[in-house]
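# Understanding the architecture of this molecule
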Amino acid sequence: MNTEIATTESPESTDIAVRTAVQMLNAGEAIGLPTETVYGLAADAFNEEAVGKIFEAKGRPKFDPLIVHLPSKAALADIAVVTEELETIVNVLTTQFWPGPLTILLPRKPGVPDIVTAGLDTVAVRMSEHPVFRKIIKDFGRPLAAPSANRFGRISPTSAAAVLEELGGLIPLIVDGGACGRGLESTIVRLEPPEDGNVTARGKKKKARIEIVRAGSITAEDLKNFGIVIRPKRSARAVPGAPGQLASHYAPGTRLRVLDDPGDFTPENGKRYGLLSFRGEAEDGYLSLTHWSEVAVLSPGSGKMVEAAIRFFFLLRQLDHSGVDEIIAEPIPDRGLGMAMMDRLRRASTQAADGE
Ligand code: AMP
Ligand code: MG
């Protein structure tokens, strides 16, 4: 299959890209689209055959459910059931974070195909803030199922070139919307209403529980004003009851190890090592460990989480291509977006793939 790339450099080329994308979605194709998090592989959520093409192109197992993207907040009612007890927290979160990288797990409407939710009685919903994605989904007019546009278990793509590398020849179209502005996947949350009603005996509003099932672009700190935030467990193991939270994920072809302590590292003779460093500062103790064949720095000098997140998958991909025998990752401070990056690194590490 020939993979066409549609650019969005001018208003004219954007119009053509949007029109072509909508035509293909209407024809039941799965296509690569930019979002603010990472590139997605999108298809009509209500067309089982089209959704099947997502699984086929990605090589994704059918037990791993997909996120459904909405054309508008009003479309939430077509997909999910917002129970009375969850209404307040859902309204608060969607007002605050939609459009944006927050995915909410909710009971699904019966019409949502099983293939989208892997047969679960919940559905994952979000609304992208990417201008090109929004144009396409608005013109298409219906929800799109869209996981990340990479082969299953591999590094998520944050540019059209990365999608082409992953899925070139397997999908008919990639819309190039430039580099992703956030660089990490959406945060997935499960909600629980306050126990015994929304208000206390004294009439005070009680807080709902917001459980983070996948750390991502919206941080625990961003969410904490709106409910009781439950952080994800640090383990790289699969989370029971949350299919798709697989231990091995985001993995480069090259072996990767997170070095929690510089003392854990003894280089082997003749092996070429690449370092993924957070700030690239010598005093952090990793730069001086060995003669690195490659060094990639997430946020040179300053250690800014937002910058590190944007560059994260791009640099991981670059290190993967550099021909080193093993990638060594320095730990990133486990707060804010660092939590999401550490989650990706642990899942990408060979120890996780080995089922440690
Ligand atoms: P991706 O779109 O590739 O970033 O992955 C989507 C992820 O969302 C899946 O791997 C699951 O972890 C999660 N997910 C999607 N739908 C559900 C659901 N109904 N229940 C629990 N987790 C879900
Ligand atoms: Mg993914």
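Residues numbered from 1 in each chain as written. Chains lettered and ligands numbered in written order. Predicted model: local features only at pLDDT ≥ 70, side-chain atom pairs only at ≥ 80, totals over all residues. Heavy atoms only, no water.

## Considerations on the overall build of the protein chain
- A count of helices and strands for the protein chain gives 11 helices and 15 strands.
- Taking 356 residues into account, the globule formula puts the C-alpha radius of gyration at 21 Å, and the protein chain, at 21 Å, falls close to it.
- Overall size of the protein chain, expressed as C-alpha extent along the three principal axes, is 60 × 60 × 35 Å.
- In the protein chain, which comprises 356 residues, the share counted as buried stands at 53%.
- Considering only residue pairs separated by 6 or more positions, the protein chain has 69% of its internal contacts joining residues 24 or more positions apart. (Helix = DSSP H or I, 4+ residues; strand = E, 2+ residues; numbered from the N terminus. Rg over C-alpha atoms; globule rule 2.2 N^0.38 Å. Buried < 20%, exposed > 50% of the residue type's maximum accessible area, 1.4 Å probe, protein only. Contact = heavy atoms within 4.5 Å.)

## Here's the deal with the packing of aromatic side chains
- Counting across every chain of the model gives four aromatic pairs.
- Arranged with centres 5.6 Å apart and planes meeting at 85°, the rings of F97 and F226 form a pair that is edge-to-face. You can see F97 sitting in helix α4 (residues 84-97) and its partner F226 sitting in the loop between α8 (220-223) and β11 (228-230), a full 129 residues away along the chain. In this pair, the class of F97 matches that of F226, namely buried.
- Taken together, a centroid distance of 5.1 Å and an interplanar angle of 70° make the contact between F312 and F313 edge-to-face.
- Of the residues examined, F312 reaches a relative accessible area of 0% and is grouped as buried. (Phe/Tyr/Trp six-rings, centres within 6.5 Å; stacked < 30°, edge-to-face > 60°.)

## Examining the pattern of salt bridges
- Tallied over the entire structure, the rule returns 19 salt bridges.
- A salt bridge links R182 to E129; the nearest nitrogen and oxygen atoms lie 3.1 Å apart. Residue R182 is located in the loop between β8 (173-176) and β9 (187-192), and its partner E129 is located in the loop between β6 (122-127) and α6 (131-140); the two are separated by 53 residues in the primary sequence.
- Looking at R182, the relative accessible area reads 29%, which means it is partly exposed.
- Put simply, E221 and R231 hold a salt bridge, and the shortest N to O gap is 4.0 Å. Of this pair, E221 sits in helix α8 while R231 sits in the loop between β11 and β12 (255-258), and the two are 10 residues apart along the sequence.
- Here R231 falls in the partly exposed class, since its relative accessible area comes to 44%.
- Overlapping salt bridges, with partners in common, bring together R255, R257, E268, K271 and E326 in one network. (Salt bridge = Lys/Arg side-chain N within 4 Å of Asp/Glu carboxyl O.)

## Re the packing of helix α9 (residues 305-321) against helix α10 (residues 337-348)
- In the contact formed by α9 and α10, the axes pass within 9 Å of each other and the chain directions differ by 25°. With respect to each other, α9 and α10 are oriented roughly parallel. Of the two elements, α9 crosses α10, and the hand of that crossing is left-handed. For the pair α9 and α10, contact is made by M305, V306, A308, A309, F312 and F313 and by L337, G338, M341, R344 and L345, respectively.
- Its residues assigned to classes, the contact of α9 with α10 comprises nine nonpolar, one polar and one charged. (Axes fitted to C-alpha atoms, helices over the stretch in contact; angles between N-to-C directions. Parallel < 35°, antiparallel > 145°, perpendicular 65-115°, else oblique. Left-handed = near helix turned anticlockwise from the far one by under 90°. Nonpolar A, V, L, I, M, F, W, Y, C, P; charged D, E, K, R; others polar.)

## Topic: the sheet that holds β12
- Taking strand neighbours across the sheet as the criterion, the four strands line up as β12-β15-β13-β14 in an open arrangement whose pairing is parallel. Strands at the two margins of the open sheet, each flanked by one partner only, are β12 and β14 (294-297). Direction aside, the axes of adjacent strands within the sheet are offset by 20° on average.
- Note that β12 and strand β15 (residues 326-329) share four bridges and pair parallel. Considered in β15, the bridge of R257 is made with I328.
- In the packing of α9 onto the sheet, contacts are made with β12, β13 (273-277), β14 and β15, and the angle to β13 comes to roughly 175°. (Pairing = 2+ DSSP bridges.)

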